[in-house]
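Residue-level structure breakdown
Residue-level listing of the chains:
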Amino acid sequence: MEKAAGSPAVGGSYPQKNAEILSSQYGINLFLAGLLLTFAWAVHAVGISKSHLLSYLITLMLIQLLWMLWYLCRSCTQRRLIRDKDTHAGARWLKCGITLFAVITLILDSFKIGYYIDFSNCLSPTEGIFPVTHAIHTILQVYFLWCHAKDVIQSFKTLERFGVIHSVFTNLLLWTNGVLTESKHQLNEHKERLITLGFGNITVVLDDHAPQCNCTTTTLCSIFSQGIYYLYPFNIEYHILASTMLYVLWKNIGRKVEHHQQNKTPFKFHGITVGMIFGLIVLTSTIAIVVVYLIQIGGSKIKSELALTMFYLHAIFVLALMCTAGIVALLIYRLEDRSLDNSKNPARKLDAELLVGTAAGSWLLSWGSILAIICAQAHPKYTWYNLPYSVLVIIEKYIQNLFIIESIHREQEKVNDDIKTLRIVTISRGSTLSLTPLYKEIYNGRATHDTGEVPCLFKGSICGRDNDGTGVAKEEMSQDSTSVMHSASDFSFYSRNSVTNSKRRILKNIAAFLFLCNLSLWIPPAFGCRPEYDNGLEEIVFGFEPWIIVVNLAMPFSIFYRMHSAASLFEVNCKT
């Protein structure tokens, strides 16, 4: 009987599992085709132009737009139905972050439109259509994610799987296109800097995709062309965040959600002053270092070496602080006895996988630098600072990943039932009544009247008034002994609660400090401060082209790691 009863449920899962496999294979093939087209354009393959690549991306965006419009219309007609929601997906702060990046992406699209207008005589129409389509795609996608990122889709599941996975890989291809365009620009600047560092044996051949005609307004063209590359980092982060949110939506299709209320954990500045102050100092100093680096690098050999030395010393100091903070946080966790939450959670699982997966990018670069320092025959003085820097990058990410993953898996602290008690009204010889509720009552957000019990004050003017007076002395002695017992209990509770609050305060400060440090370390590579390019030692050991390929593949993951870590640490701070 059990087998017969269970067989329909088992058999019913096969179509959905097949739909998941088929849709994932569709998305991968979609991505590989676009990736190959992007690579062909990058290496100037015969018969492949930028217009072919942009036409492919425009087609993908239009298909996604049609699917999102269909989904929004269907949701509007069924708005009265109760839908399942994944409370862990699409946090408000994540939506605010992607909205900020989307606004800057719209500015980037407007710059591209202006750039196309100025060079319209020699640019293909697709270069004008692409930013317009991309702007519309960005606006609708952000609205879609704000309204439906938490949805657990239970109808038209097969069709929705294909629509969502199409959106995931469309954003990944747009991310790849942005990374490649920004990397080509950085590579051209890098080749010019190597000459000033004395690496004259490296052939400098600029990979130029500039239009072969004159601009109608020179000043505007210069503003548009330079501004585009400063805005690309935000566009890159926007698309990778959108793809992760859509991936969680895809994983939630057909999922059975346990209906339990999740406690809201808003972000509060209270209690994290120390972490914020130190983090802001690191952020401010990092911005100053980046500005000086970009001004000095490439100016002369001495200035370039000083810029690299300054960068390495600052990064070593910051990474050492981050390692120390992470170790302190892990030690606090070891002192606490709290179980881990192992319930199914696609958003949390994806966060952990992205942390480890994207950290591999910077680990690859660090091990390459360590190997280059060991194997190189000549070592300029500034290259020795690269050794402790690379070692600390590996250790810091190892510790930070452990801290974040354990933090997001820890169960939130629950309050025992024995804490939810009322303070007994005590009577002193001066007949002073203490009606103040315990701190543990306030902590749990309930006052005396919430328990449904009536304190003895309201049964009479004093406890024991119903007696005829013969038992008053005995009553007072009983009240006094009860007061003493509760005072001891309160003292024990306050001491334990004080220790717990101290630990929470330290952890919140560490999370706030690491949050700002990760934002600080995101800025240098995102805006062109990349010693992996400018060091020069790795190019000599591995060869120019092999090392540049490694850097171009690993750097986008390294940049994304910092932003993703900052987002995860923000969540840790809210939950702590």
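Given the structure is predicted, the values throughout are model-derived calculations rather than measurements.

**Observations concerning the overall build of the protein chain**
Looking only at helices and strands, the protein chain features 15 helices and zero strands. Here the protein chain, with 576 residues, has 48% of them falling under the buried criterion. On the protein chain, roughly 29,500 Å² of surface is accessible, and the fraction owed to carbon and sulfur atoms is 65%.

**Focus on the packing of helix 9 (residues 346–375) against helix 10 (residues 386–409)**
It is at 9 Å that the axes of helix 9 and helix 10 come closest, and there the two elements cross at 170°. It follows from the interaxial angle that helix 9 and helix 10 lie roughly antiparallel. Its residues assigned to classes, the contact of helix 9 with helix 10 shows 16 nonpolar, seven polar and three charged.

**What about helix 15 (residues 544–575)?**
Here helix 15 spans 46 Å end to end across 32 residues, near enough to the 46 Å set by a 1.5 Å rise per residue. Bending of helix 15 peaks at approximately 30° at the position of A554, with proline P556 no more than four residues after it. With 23 of its 32 residues buried, helix 15 lies for the most part within the structure.

**Some words on the packing of helix 8 (residues 301–335) against helix 10**
Contact geometry for helix 8 and helix 10: axes closest at 8 Å, N-to-C directions at 30°. What the angle tells us is that helix 8 and helix 10 run roughly parallel. Every pair of crossing elements has a handedness; the one defined by helix 8 and helix 10 is left-handed. Split into classes, the residues belonging to the contact of helix 8 with helix 10 amount to 20 nonpolar, four polar and three charged.

**Side note on the nonpolar core**
F144, F311, M322, Y389, F403 and L514 are the most contacted members of the largest nonpolar core, which totals 123 residues. In terms of residue count, the dominant contributor to this core is helix 6 (residues 218–251) (16 residues). Residue assignment places this core across two domains, with domain 1 (15–200 + 211–256) and domain 2 (267–412 + 498–575) each supplying three or more.

**Structural notes on a nonpolar patch on the surface**
A surface patch of nonpolar side chains, amounting to about 400 Å² of accessible area, comprises V274, I277, F278 and I281. Mapping I277 onto the fold places it in helix 7 (residues 273–296). Since its relative accessible area comes to 47%, I277 is described here as partly exposed.

**Quick notes on the packing of aromatic side chains**
Under the defined criterion, the tally for this structure stands at 20 aromatic pairs. Ring geometry for F234 versus F527: centroids 5.7 Å apart, planes at 65°, classification edge-to-face. A residue pair is termed long-range when its members are at least 10 positions apart, and F234 in helix 6 and F527 in the loop between helix 12 (472–526) and helix 13 (531–534) qualify at 293 residues. Ring plane angle 70° and centroid distance 5.9 Å describe the contact between F311 and Y312, whose orientation is recorded as edge-to-face. Comparing F311 with Y312, the two get one shared label, buried. Each member of the aromatic cluster is reached from another via a ring pair, and the members are F101, F234, W522 and F527.

**Observations regarding the confidence of the model for the protein chain**
Looking at the protein chain as a whole, the pLDDT averages 77, with 72% of positions reaching at least 70. Ranking the helices and strands of the protein chain by mean pLDDT puts helix 4 (residues 126–148) first, with 93, and helix 11 (residues 439–443) last, with 42. The low-confidence segment residues 1–12, where pLDDT is below 50, has zero contacts with residues more than four positions distant or belonging to other chains.

**A short note on the environment of I223**
Its place among the elements puts I223 in helix 6. Owing to a relative accessible area of 45%, I223 belongs among the partly exposed residues under this scheme. For the pair I223 and Y115, spaced 108 residues apart in sequence, the C-alpha separation works out to 9.1 Å.

**Topic: the environment of C517**
With respect to the helices, strands and loops of the structure, C517 is situated in helix 12. Residue C517 is classed as buried on the basis of its relative accessible area of 0%.

Calculation rules
- Residues numbered from 1 in each chain as written.
- Predicted model: local features only at pLDDT ≥ 70, side-chain atom pairs only at ≥ 80, totals over all residues.
- Heavy atoms only, no water.
- Helix = DSSP H or I, 4+ residues; strand = E, 2+ residues; numbered from the N terminus.
- Buried < 20%, exposed > 50% of the residue type's maximum accessible area, 1.4 Å probe, protein only.
- Areas by Shrake-Rupley, 256 points an atom, 1.4 Å probe, with all protein chains shown as cover.
- Axes fitted to C-alpha atoms, helices over the stretch in contact; angles between N-to-C directions.
- Parallel < 35°, antiparallel > 145°, perpendicular 65-115°, else oblique.
- Nonpolar A, V, L, I, M, F, W, Y, C, P; charged D, E, K, R; others polar.
- Expected span 1.5 Å × (residues − 1).
- Bend = angle between axes of the 7 residues up to and from the residue.
- Left-handed = near helix turned anticlockwise from the far one by under 90°.
- Core = buried A, V, L, I, M, F, W, Y, C linked by side-chain atoms within 4.5 Å.
- Domains from an automatic or database assignment.
- Patch = residues over 30% accessible without salt bridge, like charges linked within 9 Å, V, L, I, M, F, W, Y side chains within 5 Å.
- Salt bridge = Lys/Arg side-chain N within 4 Å of Asp/Glu carboxyl O.
- Phe/Tyr/Trp six-rings, centres within 6.5 Å; stacked < 30°, edge-to-face > 60°.
- pLDDT = per-residue confidence, 0-100.
- Contact = heavy atoms within 4.5 Å.

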